[in-house]
Amino acid sequence: MIDPHPSSAHRDRRRRSTAAFAHARTLIPGGVNSPARAFGGVGGEPIFFRAAAGQWLTDIDGNRYLDYIGSWGPMILGHRHPRVVAAIEATLATGTSYGAPTEAETRLAELIVASVPSIEKVRLTSSGTEAAMSAVRLARGFTGRDKIVKFAGNYHGHGDSLLVAAGSSAATLGVPDSPGVTAGTARDTLVLEYNEPAELEDTFRREGERIAAVLLEPVVGNMGLVRPSHEFLATARRLTHESGALLVFDEVMTGFRLALGGAQEVLGVTPDLTVLGKIVGGGLPLAAYGGRADVMDHVLPAGRVFQAGTLSGNPLAVAAGTATLEALRDDPPYARLERHGAALEAGFRAAATAAGTPVWIARVGSMMTMFFQPAGAAPVMGWRTASQSDKAGYARFFWGMIDRGVYLPCSQYEALFISAAHADADIDATSVAARETLAGS
Ligand code: KE4
């Protein structure tokens, strides 16, 4: 646990959050419904919120913050976008859940297929975990093989076979392998170092005919932001193709974020299956997995690979996701997000340089991480280097920015997200806050 760094001013301005957290802990494990919110990576106590609009969050003490997590990615349009609110309200007027098919689900499927060329058929689920877990089961069912290759620092939700050397909150909490994941389960998951093509080659030499799939984040957000090398992705694509294994892109975070077609559009690499979440649900519980029709047609009831869900394709979530994707299609924000991303990167870099703070900044579009690294450290290209970050240094930065009204990810091992609602003035103010924070730390 990082030592708490909140200033006394912080504690005084968030008395209601402190009380709310104490009460929540008596009823909810750790006081939160997801460990990523527990502030384990930055110390201190989580802040409780009561409202959001556009790029702004308001906590239960009435403090306002510029929001750079956007619900960990979904809120690319900003909070309470009029098209999304209107779509949810209109759906509310006719019903919220049927447990039966609706035409709205087919319309969302059409939008996903039109946006992501590698997806010919798609199945909706209620969370990214469910979608990733199902894609793994499908890859095993389609190939008849058992082994899955994943990469340290990549997080694919909390399905047992994927909670092995996970990134995201598991890494932040220093618990790479969770209790409860059996040795038998973990045995079929091979965990390699990201951006190490030679290691992947060697693994396929030894295990190729037993590997069902290679699963990866095509741009990693869950160890902080790490870009793939072209050689790494090309090697993964070649080896899976040659061996009959499937290449699965986990685009829960990057899907519709880096482009309408996700990271695969930006990087020009076509996977066999894609896992989607976050933005595709517009902030409501909805995720998806899809890809080659000849693979997807193995999913029950078209095929024999079981997957189901009471609230899969829930009308409210489908309405929010559809409105979000239509807004992204009709008025693509990606040039604006790139401009703001570049400006924020320049602002953070200038602040670190002025303060003499050694950092490594990685960014793709509106996703960015400033790694607090030892002076002269190697570029952060995988978990081996990401995990060397100065977590206490990041924690001091996080709390200094909180005190200046900027809400960054509460972990060095997460990416920040800029929304289409952020204005030039917000980006400038955030850069000034970073300069003041690093100068004072
Ligand atoms: P969910 O089950 O949380 O909807 O999705 C799991 C998941 C799968 N794949 C990727 C690439 C992801 O980033 C995630 C979830 N991301 C974390 C934050 N990095 C969600 C935050 C949380 O767990 O509370």
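Residues numbered from 1 in each chain as written. Predicted model: local features only at pLDDT ≥ 70, side-chain atom pairs only at ≥ 80, totals over all residues. Heavy atoms only, no water.

J.: Describe the nonpolar core, naming the residues involved and giving the relevant values.
T.: Note on soluble globular proteins: their nonpolar side chains tend to be buried together. Among the nonpolar cores identified, the biggest contains 62 residues, and Ile112, Phe256, Phe348 and Phe397 are the most heavily contacted of them. Of all the elements, helix H12 (residues 315-330) adds the most residues to this core, at eight residues. For this core, the domains that each give at least three residues are domain 1 (8-76 + 333-440) and domain 2 (82-330). Leaving out residues up to four positions away in the same chain, Phe256 has contacts with Ile76, Ile112, Ser115, Val116, Gly262, Leu276, Ile279, Val280, Leu325, Leu328 and Tyr334. One finds Tyr194, Phe232, Ala263 and Ala362 within the second-largest nonpolar core, a separate group that totals 34 residues. (Core = buried A, V, L, I, M, F, W, Y, C linked by side-chain atoms within 4.5 Å. Buried < 20%, exposed > 50% of the residue type's maximum accessible area, 1.4 Å probe, protein only. Helix = DSSP H or I, 4+ residues; strand = E, 2+ residues; numbered from the N terminus. Domains from an automatic or database assignment. Contact = heavy atoms within 4.5 Å.)

J.: Can you tell me about the sheet that holds strand S5 (residues 147-151), naming the residues and giving the values?
T.: Pairing is mixed across the open sheet formed by seven strands, whose spatial order is S4-S10-S9-S8-S7-S5-S6. In the strand order of this sheet, the two ends are held by strand S4 (121-125) and strand S6 (189-192), each with one partner. Each strand of the sheet is rotated relative to its neighbour by a mean of 20°, with strand direction disregarded. With five bridges connecting them, S4 and strand S10 (residues 287-291) associate as antiparallel partners. In the sheet register, Thr125 faces S10, and the bridge partner there is Ala287. The strands that helix H9 (residues 230-243) touches are S5, strand S7 (211-216) and strand S8 (246-250); relative to S8, the one it contacts most, it runs at about 140°. (Pairing = 2+ DSSP bridges. Axes fitted to C-alpha atoms, helices over the stretch in contact; angles between N-to-C directions.)

J.: How would you explain the confidence of the model for the chain if you had to name every residue and give the values?
T.: Averaged over every residue, the pLDDT of the chain is 94; the share at 70 or more is 95%. Long-range and interchain partners of residues 166-176, a stretch whose pLDDT sits below 50, account for 29 contacts in this model, where long-range means more than four residues apart. (pLDDT = per-residue confidence, 0-100.)

J.: Can you lay out empty space enclosed by the protein for me, pointing to particular residues and giving the numbers?
T.: Here the structure, examined in full by the defined rule, presents three cavities of 30 Å³ or more. Forming the boundary of the largest cavity are Phe348, Met368, Thr369, Met370, Tyr394, Phe397, Leu408, Pro409, Ser411, Gln412, Glu414 and Leu416. Contributions of two or more residues to the lining of the largest cavity are made by strand S12 (367-372) and helix H15 (391-403). Element by element, the count of residues in the lining of the largest cavity is highest for S12, at three residues. A class-by-class count of the residues in the lining of the largest cavity yields eight nonpolar, three polar and one charged. (1 Å grid on protein atoms, 1.4 Å probe; cavity = no way out; pocket = protein on both sides within 12 Å on 5 of 7 lines; lining within 4 Å. Points joined across faces, edges and corners; volume = space filled by probe spheres on them. Nonpolar A, V, L, I, M, F, W, Y, C, P; charged D, E, K, R; others polar.)

J.: How would you explain the side chain of His422 if you had to name every residue and give the values?
T.: Mapped onto the elements, His422 comes out in the loop between strand S14 (416-417) and helix H16 (424-440). Taking the relative accessible area as the measure of exposure, His422 reaches 0% and is therefore buried. Among the polar contacts listed, one links the side chain of His422 to the backbone oxygen of Asp67, at a separation of 3.0 Å. A distance of 2.9 Å separates the side chain of His422 from the side chain of Ser419, its partner in a polar contact. (Polar contact = N/O pair within 3.5 Å; in protein donor to acceptor, adjacent residues only side chain to side chain.)

J.: Break down the site of the ligand for me, citing the residues and quoting the values.
T.: Around the ligand, 17 residues are found, and the nearest of them are Ser34, Thr129, Asn222, Asp250 and Glu414. Within the contact set of the ligand, an oxygen atom lies 2.6 Å away from a side-chain nitrogen or oxygen of Ser34. Gly128 places a polar main-chain atom, nitrogen or oxygen, 2.9 Å from an oxygen atom of the ligand. Protein chains bury 87% of the 540 Å² of accessible surface belonging to the ligand in isolation. Of the pockets mapped on this structure, the ligand occupies the largest pocket. Of the residues belonging to the shell around the ligand, the class tally is five nonpolar, eight polar and four charged. (Near = heavy atom within 4 Å. Areas by Shrake-Rupley, 256 points an atom, 1.4 Å probe, with all protein chains shown as cover. Sits in = over half its atoms within 2 Å of the grid points.)

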